[in-house]
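# Structure assessment
Chain by chain, the residues run as shown.
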Amino acid sequence: MASAQEIVRAAERQDVRNRWLLSTPALLIIFFAAVGPLFIMLAYSFMAKGDYGDVKFGEFSLDGWFSVFLQRDIFDDTVSFADANLAIFWRSVRLSLVTTAVTFLFGFPTAYFIATRPAEKSEVWLFLVTIPFWTNLLIRTFAMQEVIRNEGIINSTLIWLGLIERPIQIMFTDTAILFGMVYVYLPLMVLPLYASMDKLDFRLVEAGYDLYASRFKVLRRIIIPLVMPGIVAGSILVFIPSLGAYVTPRVLGGGKNMMLGNLIELQFGQGRNWPLGAAISITLMALVMTALLFYVRSTTRSGAERNG
């Protein structure tokens, strides 16, 4: 007869097999819907460019990866940096970082205000924060045009106040893209910050004031360290979609101030250079993965410090 330990081990193995069988459909969907296209992009990035906007299957080439940051002169084959691509990379990272910083500056006091309201009122304020998600991103971006165009709300108000004599050109600039991305992604910063602040023990804040700490010191030494997971989560939620933004730069940038998403679309469309587009896509994914790893390390470190 089998011993009790063998029976337990057999039951555990059977339980593991059942769990895998139950999760198999979900794993297959994740693979074919998410991981599969990434492998296709990775394979395309190592293929030769086709003659009609496709790839030459089976023909290995590193031209796609070479063209991400470098370019070869068509006359003497000299190699130099691809200034246009580097400028787009820098614009994407710079605007994403600035968008993250601006949304934090507006989102932090907003989340703090909501967290310090009574429960029934905080629910109303959260409801108002989530209202923009009810509208399509493209519609919200077109709505921003009415704010920043030459005859828009900003310029009309400044002229009416007598601060300027002629409209300020905001449309089709990096500033216009920044305006649009801050407006679009601000709720993604507010919600994680509120989730952290809602768990904050405000008796600690009162204790800081009782110990004659200034408002700034209470903010720096008590509030910010305790809500750091929300700050990191909100920053990641804003930075990642900003880095790959396509609609907002396309509409508000006018096609002249491209970001990585627009560059990728250009290579798969008019540029007819699928390997380069695939290589840029993988590069963008690597930047996103770096941001996610930073988020995981930051949350793990902050959790260990609190538990320690």
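Details of the structure are given in the entry above.
Before going into details, it helps to say that this report is about the structure given with it. All figures in this text were calculated on a predicted structure; none of them were measured in a lab.

Calculation criteria
- Residues numbered from 1 in each chain as written.
- Predicted model: local features only at pLDDT ≥ 70, side-chain atom pairs only at ≥ 80, totals over all residues.
- Heavy atoms only, no water.
- Core = buried A, V, L, I, M, F, W, Y, C linked by side-chain atoms within 4.5 Å.
- Buried < 20%, exposed > 50% of the residue type's maximum accessible area, 1.4 Å probe, protein only.
- Helix = DSSP H or I, 4+ residues; strand = E, 2+ residues; numbered from the N terminus.
- Contact = heavy atoms within 4.5 Å.
- Phe/Tyr/Trp six-rings, centres within 6.5 Å; stacked < 30°, edge-to-face > 60°.
- Salt bridge = Lys/Arg side-chain N within 4 Å of Asp/Glu carboxyl O.
- Expected span 1.5 Å × (residues − 1).
- Arc of directions from axis to C-beta.
- Polar contact = N/O pair within 3.5 Å; in protein donor to acceptor, adjacent residues only side chain to side chain.
- Axes fitted to C-alpha atoms, helices over the stretch in contact; angles between N-to-C directions.
- Parallel < 35°, antiparallel > 145°, perpendicular 65-115°, else oblique.

## Looking at the nonpolar core
Counting 28 residues, the largest nonpolar core has Phe108, Met181 and Ile223 as the members making the most contacts within it. Looking at this core, the elements with two or more residues in it are helix H3 (83-115), helix H4 (119-130), helix H7 (174-198), helix H9 (215-226) and helix H10 (228-243). Counting residues per element, this core draws most heavily on H7, which supplies eleven residues. Ignoring sequence-local partners within four residues, the contact set of phenylalanine 108 consists of Thr103, Leu193, Met197, Leu219, Ile223, Ile224, Val227 and Ile231. Grouped together as the second largest cluster of nonpolar side chains are 16 residues, Leu263, Ala279, Ile280 and Val288 included.

## What to know about the packing of aromatic side chains
As enumerated under the stated definition, the model contains twelve aromatic pairs in all. Between phenylalanine 31 and phenylalanine 39, the ring centres sit 6.4 Å apart and the planes meet at 40°, which makes this aromatic pair tilted. Residue classification places phenylalanine 31 among the partly exposed residues on the basis of a relative accessible area of 38%. Ring plane angle 45° and centroid distance 5.2 Å describe the contact between phenylalanine 69 and phenylalanine 89, whose orientation is recorded as tilted. In this pair, phenylalanine 69 sits in helix H2 (residues 63-69) while phenylalanine 89 sits in helix H3, placing the two residues 20 residues apart along the sequence. Judged by its relative accessible area of 36%, phenylalanine 69 is partly exposed. Of the aromatic side chains, those joined through ring pairs into one cluster are Tyr44, Phe57, Phe268 and Trp274.

## So, the pattern of salt bridges
Summed over all chains, the structure comprises six salt bridges. For arginine 19, the salt bridge is made with aspartate 15, and the minimal N-O distance between the two is 3.1 Å. On the criterion of helical spacing, the pair formed by arginine 19 and aspartate 15 is a turn pair, its members being four residues apart in helix H1 (residues 4-45). Given the relative accessible area of 57%, arginine 19 is considered exposed. Here aspartate 15 falls in the partly exposed class, since its relative accessible area comes to 34%. One salt bridge connects arginine 149 with glutamate 146, and the closest N-O pair in it is separated by 3.1 Å. Of the residues examined, glutamate 146 reaches a relative accessible area of 42% and is grouped as partly exposed. Through salt bridges with shared partners, one network takes in Arg91, Arg94 and Asp174.

## Comments concerning helix H5 (residues 137-148)
Along its twelve residues, H5 runs 17 Å from first to last C-alpha, staying within 8% of the 16 Å computed at 1.5 Å per residue. Listed as buried for H5 are Arg140, Thr141, Met144, Gln145 and Ile148. The buried residues of H5 occupy an angular sector of 160° when the element is viewed end-on, so they sit on one face. The inward-facing, buried residues of H5 contact helix H6 (153-160), H7 and helix H11 (247-252). Two or three places before leucine 138, at the start of H5, stands the capping residue asparagine 136, its side-chain oxygen 2.7 Å from that residue's backbone nitrogen.

## Some details on the packing of H9 against H10
With their axes 4 Å apart at the nearest point, H9 and H10 run at an angle of 60° to one another. In terms of orientation, H9 lies oblique with respect to H10. Judged by residue contacts, Ile224, Pro225 and Leu226 of H9 engage Met228, Pro229 and Ile231 from H10.

On their own, these measurements won't tell you what the molecule is for.
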